[in-house]
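# Report on the structure
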Amino acid sequence: MDLYSQIDADIKAAMLAKDRTRLQALRGIKKEFIEGKTAPGANGELTEDAALKILTKMAKQRRESARIYQEQNRPELAETELAECEVIEAYLPKALTEEELTEALTKIIAETGASSPAEMGKVMGVATKALAGRADGRAISAKVRELLSK
């Protein structure tokens, strides 16, 4: 079952369970997926990569919103955002640990032949595609910078 069909089935389950937070998050995901399918150049298709990018973006937006709500002393709104973020993250692949990220980036650096921080762009291009949805861009960038400066 593809991700789009899975979301549809989970929306029905959330409706039956009367789980408002989960239902709201799933409807948001479905809306973004539909927009992704109808975007110019998508040809009515939503690839697995595009779906993961959408989910990653949505989770990041929820975390950022929750942080802002907490700063503004609105814990009830922050809780809602974090609950939706948990629902979204359930559909993302398991995030890489620090060790796994280092190992994967070491292999990518060896494949690209990069040896100095000046060649960071070459590594980042390959790394962001290979690790999409499994590691945050900032974490990848920081680790690549660290590994290349050794």
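Along each chain, residues carry numbers from 1 onward, in the same order as the chain's sequence is written. For this predicted model, a pLDDT threshold of at least 70 governs which residues receive local features, and a threshold of 80 or more governs which side-chain atom pairs are given and counted, while totals over whole chains, interfaces and linings are taken from all residues. Water and hydrogen atoms play no part in the side-chain values, which are based on all heavy atoms of the structure.

Now for the overall build of the chain. Along the chain, the regular secondary structure elements total seven helices and zero strands. Put simply, DSSP marks the helices as runs of H or I at least four residues long and the strands as runs of E at least two long, and each gets a number from the N terminus on. Order of helices (α) and strands (β) in the chain, N terminus to C terminus: α-α-α-α-α-α-α. Considered along the principal axes of its C-alpha atoms, the chain spans approximately 55 × 45 × 25 Å. Only protein chains enter the calculation, and the probe is 1.4 Å; a residue is then buried if its accessible area is under 20% of its type maximum, exposed if over 50%, and partly exposed in between. Counting only residues that meet the buried cut, the chain has 33% of its 150 residues in that class. Any pair of residues with heavy atoms lying within 4.5 Å of one another is described as a contacting pair. Of all intrachain contacts in the chain linking residues separated by at least 6 positions in sequence, the fraction that spans at least 24 positions is 56%. Here the chain contributes 24 positive and 25 negative side-chain charges, whose respective centroids are spaced 3 Å apart. The charged-residue count follows a simple rule in which Lys and Arg add positive charge and Asp and Glu add negative charge, with His and chain termini not counted at all. Note on charges: their place is set at NZ of Lys, CZ of Arg, CG of Asp or CD of Glu.

Basic side-chain nitrogens of Lys or Arg form a salt bridge, by our definition, when they fall within 4 Å of a carboxyl oxygen of Asp or Glu. What the rule picks out here adds up to 15 salt bridges. Linking D10 and R22 is a salt bridge whose minimum nitrogen-to-oxygen distance equals 3.9 Å. One end of the pair, D10, is in helix α1 (residues 3-17); the other, R22, is in helix α2 (residues 20-38), and 12 residues separate them in sequence. On the basis of relative accessible area, D10 is assigned to the buried category, the value being 13%. R22 sits in the partly exposed class, given a relative accessible area of 28%. Of the charged contacts in the structure, one is a salt bridge between E146 and K143, with a shortest N-O distance of 3.5 Å. Note that E146 and K143 are positioned in helix α7 (residues 137-148) at a spacing of three residues, about one turn of the helix. Since its relative accessible area comes to 37%, E146 is described here as partly exposed.

Working definition: rings of Phe, Tyr and Trp (its six-membered ring) pair if their centres are within 6.5 Å, and the pair is stacked with planes under 30 degrees apart, edge-to-face with planes over 60 apart, and tilted otherwise. Within this structure, the stated rule accounts for one aromatic pair. In this structure, K37 is placed above the aromatic ring of Y4, and the distance from its NZ or CZ to the ring centre is 3.7 Å. Criterion for a charge above a ring: Lys NZ or Arg CZ within 6 Å of the ring centre, and within 35 degrees of the ring normal.

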